[in-house]
Amino acid sequence: MRRIRVLGAGECGLPLAHRLRGGTEVTLVAGRDAEQILSGSVTSTQVKFPPTLDLESGAGLDFWASTAPRISGIRFVAAIDRTAVVRWTGRFARPARSVDQRTVFGRWLRAFVDAGGRLEIAEPSLAEIDRGAGRFDLTVVTRADAELAACFPPDPAWPVHSGPLRQLAVFYLDGVVPDPDGLGTYVSLPGLGEIISYPGLTGAPGDERPCEIVLVEARPGGDLDVFSRDSGPSGRLRLARRLFDRHLPPDLADRYRGAELTDAGATLVGAVTPVVRRPVGTLPSGTLVLGGADVVCRMDPGGAQGANSAVQCAFRYADAILRQTSGQYDRDWMLTTATPWLTDIAYPAAQWTATMLDPPEPLQAMLGAAATDARLADTFADLFARPSDMARLAADA
């Protein structure tokens, strides 16, 4: 039986390990067990769209189909000095959903172990990964520190960023007045950044509850860039409320008057430097490894693409591994496996995210036109689910 090692137990590594279990001897290497994940801090924001949810449902991994709030579309607002200069709503063709990754990873990891999956709790160094590579027919890297990530060369076709495009602050909140139409809110603050908010689900498996998830995307050095790792959870929430009052239109700011953190780990600050790497990495010994998810294509979360791209990667890689009956996973096989995911999913998602963070003038004009064209607004909203359809936006404008 073929032996596969999966490094990383997140949106890509966990579904990949689940799909391989049974037809393959798969070893999943995770930095934390389920209990540590569930008792820790939030890891990111995430919105999953129907193509991703369909994959999870078909694999028996969508445990929240009846409990997670439906996100029906987007309420887009461009605001200057608390005044909405553009406002429209766009509906998704099918609802999206968001579930706290602590909840998801904890449940998926428990299910993997309960089904007899082989789990190693470790944070192996590059040298340790390299030494152990010979015990496996294939190593798939879905999570990597800087040293391991450096084994995957940058893709020269994509721009190199010297730093993050946004400074990020994440909040999972109770007490927020729900959007009356079940929409997510995307507020563009020209020159400053974005404030993105939508309903979600949080809590330990079996004890989940609705919440509101807020992502503050601050242009570095601007008026939204006020959060630090030293400010602490309650201090960050106070800063967030001040930002809402100072920059959001009053009807939106009022929704957060009674907001409180869902738990002690319900906030996160950080930044993501976008990068696109080649999918085949070379360990110091010369052993080749296959990269996936944000090891290969790392995006700012403002485009709501990272989780979807990672899950899509997992299912495509699993299918390719299971089809390869010879058990030979050489460079050509790795490239053939990764290219469809990159071309169909990851590259369009990265381009869409970059476009949303720095919209060119034609797109800005379309955003304005959507205020009086419901069909264009719906088309624009649905591009979050299918960014590869970006050409439709120009055709509908």
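Residues numbered from 1 in each chain as written. Predicted model: local features only at pLDDT ≥ 70, side-chain atom pairs only at ≥ 80, totals over all residues. Heavy atoms only, no water.

## Overview of the domain arrangement of the chain
Line of reasoning, step 1. Entries for the chain in the domain assignment read domain 1 (1–63 + 100–162 + 274–358) and domain 2 (65–98 + 164–272).
Line of reasoning, step 2. Using C-alpha coordinates to define each centre, domain 1 is positioned 27 Å away from domain 2.
Line of reasoning, step 3. Between domain 1 and domain 2, the contact holds 30 residues from the first and 33 residues from the second.
Line of reasoning, step 4. The largest share of the area that domain 1 buries against domain 2 comes from Val 42, Thr 45 and Leu 357, three residues that together contribute 20% of it.
Line of reasoning, step 5. Run the count over domain 1 and domain 2 and you get 3 salt bridges.
Line of reasoning, step 6. The salt bridge involving Asp 62 is made with Arg 97; its shortest N-O contact spans 2.9 Å.
Line of reasoning, step 7. For the pair domain 1 and domain 2, the number of links is 16 residue pairs in polar contact (both at pLDDT 80 or more).
Line of reasoning, step 8. Among the secondary structure elements, those contributing two or more residues to the side of domain 1 that touches domain 2 are helix H3 (50–58), helix H4 (101–114) and helix H10 (331–357). (Domains from an automatic or database assignment. Contact = heavy atoms within 4.5 Å. Buried area = accessible area lost by both parts, 1.4 Å probe. Salt bridge = Lys/Arg side-chain N within 4 Å of Asp/Glu carboxyl O. Polar contact = N/O pair within 3.5 Å; in protein donor to acceptor, adjacent residues only side chain to side chain. Helix = DSSP H or I, 4+ residues; strand = E, 2+ residues; numbered from the N terminus.)

## Considerations on the packing of helix H9 (residues 306–323) against H10
For any two helices packed against each other, one specifies the inter-axial angle together with the distance between the axes.
Line of reasoning, step 1. Interhelical geometry of H9 versus H10 gives an angle of 150° and a closest axis separation of 10 Å. Considered as vectors, H9 and H10 are oriented roughly antiparallel to each other. At the point where H9 passes H10, the crossing takes the right-handed sense. Residues Ser 309, Gln 312, Cys 313, Arg 316, Tyr 317, Ala 320 and Ile 321 of H9 lie in contact with H10, whose contacting residues are Trp 333, Thr 337, Ala 338, Pro 340, Trp 341, Asp 344, Ile 345 and Ala 346.
Line of reasoning, step 2. Looking at the contact of H9 with H10 residue by residue, the class counts come to 10 nonpolar, 3 polar and 2 charged. (Axes fitted to C-alpha atoms, helices over the stretch in contact; angles between N-to-C directions. Parallel < 35°, antiparallel > 145°, perpendicular 65-115°, else oblique. Left-handed = near helix turned anticlockwise from the far one by under 90°. Nonpolar A, V, L, I, M, F, W, Y, C, P; charged D, E, K, R; others polar.)

## So, empty space enclosed by the protein
The method is simple in principle: a probe with the dimensions of a water molecule rolls over the atoms, and the space it marks as empty is what remains.
Line of reasoning, step 1. The final tally for this structure, using the stated rule, is 1 cavity of 30 Å³ or more.
Line of reasoning, step 2. Estimated volume of the largest cavity: approximately 80 Å³.
Line of reasoning, step 3. Around the largest cavity sit Gln 46, Lys 48, Leu 53, Glu 56, Asp 62, Trp 64, Arg 97, Ser 98, Val 99, Val 104 and Trp 108, which together line it.
Line of reasoning, step 4. For the lining of the largest cavity, the elements supplying multiple residues, two or more each, are H3 and H4. (1 Å grid on protein atoms, 1.4 Å probe; cavity = no way out; pocket = protein on both sides within 12 Å on 5 of 7 lines; lining within 4 Å. Points joined across faces, edges and corners; volume = space filled by probe spheres on them.)

## Comments concerning the side chain of Thr 24
Line of reasoning, step 1. For Thr 24, the location among the structural elements is in the loop between helix H1 (13–20) and strand S2 (25–30).
Line of reasoning, step 2. With relative accessibility at 5%, the residue Thr 24 sits in the buried group.
Line of reasoning, step 3. For Thr 24, the side chain forms a polar contact with the side chain of Arg 2, separated by 3.3 Å.
Line of reasoning, step 4. Every residue in contact with Thr 24, bar those within four places of it in the chain, is listed here: Met 1, Arg 2, Ile 4 and Leu 322. (Buried < 20%, exposed > 50% of the residue type's maximum accessible area, 1.4 Å probe, protein only.)

## A few points about the environment of Arg 246
Line of reasoning, step 1. When you line up the elements, Arg 246 lands in helix H7 (residues 232–247).
Line of reasoning, step 2. Of the residues examined, Arg 246 reaches a relative accessible area of 48% and is grouped as partly exposed.
Line of reasoning, step 3. Here the alpha-carbon distance between Arg 246 and Glu 147, two residues 99 residues apart in the chain, equals 41 Å.

## Re the nonpolar core
Line of reasoning, step 1. Core analysis: the largest hydrophobic core is formed by 62 residues, its most contacted members being Phe 171, Leu 173, Val 216 and Phe 384.
Line of reasoning, step 2. Residues from two domains meet in this core; each of domain 1 (1–63 + 100–162 + 274–358) and domain 2 (65–98 + 164–272) gives at least three.
Line of reasoning, step 3. Each residue touching Val 216, except ones within four places of it in the same chain, is listed here: Gln 167, Leu 168, Ala 169, Phe 171, Glu 194, Leu 224, Phe 227, Leu 243 and Phe 244.
Line of reasoning, step 4. Listed in part, the 52 residues of the second largest apolar core include Leu 16, Val 99, Val 104 and Met 334. (Core = buried A, V, L, I, M, F, W, Y, C linked by side-chain atoms within 4.5 Å.)

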